[in-house]
Amino acid sequence: MTDQSATWQDEPTDYDEVGKLPWRDPLEERPATLSSLNITAAVADPELLDLPWHIALEDWPDEYLAALPRGISRHIVRFAKLGSSVIAVKETSEHVARHEYHMLRKLQRLDVPCVEPVAVIRDRHTPDGRPLDTALVTRHLKFSLPYRALFSQKLRRDTLTRLIDAQALLLVQLHLVGFYWGDVSLSNTLFRRDAGAFAAYLVDAETGELYPDLSTGQREYDLEIARVNIAGELMDLLEGGLIDEEVDPVATSERIMESYRNLWAELTEKESFELGERWRVAARIRKLNELGFDVEEYVIKTTPDGSTIQLQPKVVDAGHHQRRLLRLTGIDAQENQARRLLNDMDTFRAENYPGQDEEISAHAWVTQVFEPIVRAIPRELAGKLEPAEVVHQVLEHRWYMSEQLERYVPLAETVQSYIDNVLRHRRDEAAIMLHPDTQMLKVIEREEARHREEELEG
């Protein structure tokens, strides 16, 4: 393993610096010996040295691989075991790998939902001296799925809508921090279930650029790329019989335009109102909080005659409910999950500890509601869903049971009913799609071939 400073001496280290890394000729600075391998990692992970970097990724032995669902990619991508965790390994050019690693690290610092970069492996050679492509290593996002793995037989219309809404929210979050994606698609995104909705995470950042701010033209171009790519992906699903025939791929893909623009306007547009309506400042901020965003700064301007106020949020951060739940309980959940758990926590406080300090009642809710539900899940079912999603679904199940039985349903009875009637019949989302059906494989293989052809033509 070589000195990191020698490998990354030209990496932009200034937090505000933008743009691509300088191009390095892949034929320069080849190692003198075949055994030389250059690994640059964000965190020391000695197990990286145990992986067969001298073998082309598509030929890696099964003993190193983890059976997890893969999205569509123009590159060779494999999931591999790394100690007790799982990593995704992608073969690409050295320049692209270094640039994507750099972008993902910056996005992580900006707290944008994306996969975690682990390492870049370069100067790879086969035992006979043949050079191999550079590998980018990222951490597998547990309980996340490519969009194709989110359905059993056919993708329903409402599921499509929720996926596209999650994609629109992710794009807004990226644009707010000045990130131009350049290749927006469902295939370049991973999804986690989030209390009836989905949370989207960026996977592929190789075409991305980070700027201080994005122009309207840059944002609209990213949005147009999203619309076209999503329409193409839905057409492939329709051809493969994986979505309902009445779904119009083009019309459905248009939803991301509407969803994105509505959210962007809500977060960034100026609002004018009369001086006597100053309560609308608090109302606007409360509405943004309900959408899951925090306003850390805002600007208020008045007209020359002092009769009108203009309000414009200046710094808007996603994850309002996540941060509140984490602060009160230490539970790290998705935004909608956090919102649902906080609602139950507030109801629990009002019914059992009225007037009690919020932090004390939150601790009581964790010990009397959250933890008992999680502990009640049998070990063999623990991989079905992440704990916060299980608790959310149990609370929803309790509401439906109470409506159906027209009586109060104790928590223990609810949990047992949920385990027997719901959870046992769900797919395991910690390691799902180990054996995809023939229909799905045909669609994936067809699209992978199309991506390869496009790359060769380019």
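Our structure is the block above this text.
Residues numbered from 1 in each chain as written. Predicted model: local features only at pLDDT ≥ 70, side-chain atom pairs only at ≥ 80, totals over all residues. Heavy atoms only, no water.

**Some words on the sheet that holds strand E3 (residues 85–92)**
Sheet strands pair by backbone hydrogen bonding; their relative direction is either parallel or antiparallel. Across the sheet, which stays open at both edges, the five strands sit in the order E1-E4-E7-E3-E2 with antiparallel pairing between neighbours. In this open sheet, the two edge strands, each paired with only one partner strand, are strand E1 (38–41) and strand E2 (77–82). Averaged over all pairs of adjacent strands, the angle between strand axes in this sheet comes to 25 degrees, irrespective of strand direction. With four bridges connecting them, E1 and strand E4 (residues 116–122) associate as antiparallel partners. Opposite Ala41, over in E4, you have Ala119 as the bridge partner. (Pairing = 2+ DSSP bridges. Helix = DSSP H or I, 4+ residues; strand = E, 2+ residues; numbered from the N terminus. Axes fitted to C-alpha atoms, helices over the stretch in contact; angles between N-to-C directions.)

**Considering the packing of aromatic side chains**
Taken as a whole and assessed by the stated rule, the structure comprises six aromatic pairs. Seen in terms of ring centroids, Trp53 and Trp60 are 5.2 Å apart; in terms of plane orientation they differ by 70 degrees. Their pairing is edge-to-face. Here Trp53 and Trp60 have matching classes, each one buried. Aromatic side chains Trp399 and Tyr400 sit 5.0 Å apart centroid to centroid with 80 degrees between the ring planes, which places their arrangement in the edge-to-face category. (Phe/Tyr/Trp six-rings, centres within 6.5 Å; stacked < 30°, edge-to-face > 60°. Buried < 20%, exposed > 50% of the residue type's maximum accessible area, 1.4 Å probe, protein only.)

**Some thoughts on the pattern of salt bridges**
Any two side chains of opposite charge can pair, so long as their charged atoms come close to each other. What the rule picks out here adds up to 18 salt bridges. Lys90 is the salt-bridge partner of Asp204, the closest N and O atoms lying 3.7 Å from each other. Of the two residues, Asp204 is situated in the loop between strand E10 (197–202) and strand E11 (209–210) and Lys90 in strand E3; the sequence distance between them amounts to 114 residues. Take Asp204: its relative accessible area is 8%, and that puts it in the buried class. One salt bridge connects Asp123 with Arg122, and the closest N-O pair in it is separated by 3.6 Å. Both residues of the pair, Asp123 and Arg122, count as buried. A cluster of three or more residues bridged by salt bridges with shared partners is formed by Lys90, Glu100, Asp204 and Glu206. (Salt bridge = Lys/Arg side-chain N within 4 Å of Asp/Glu carboxyl O.)

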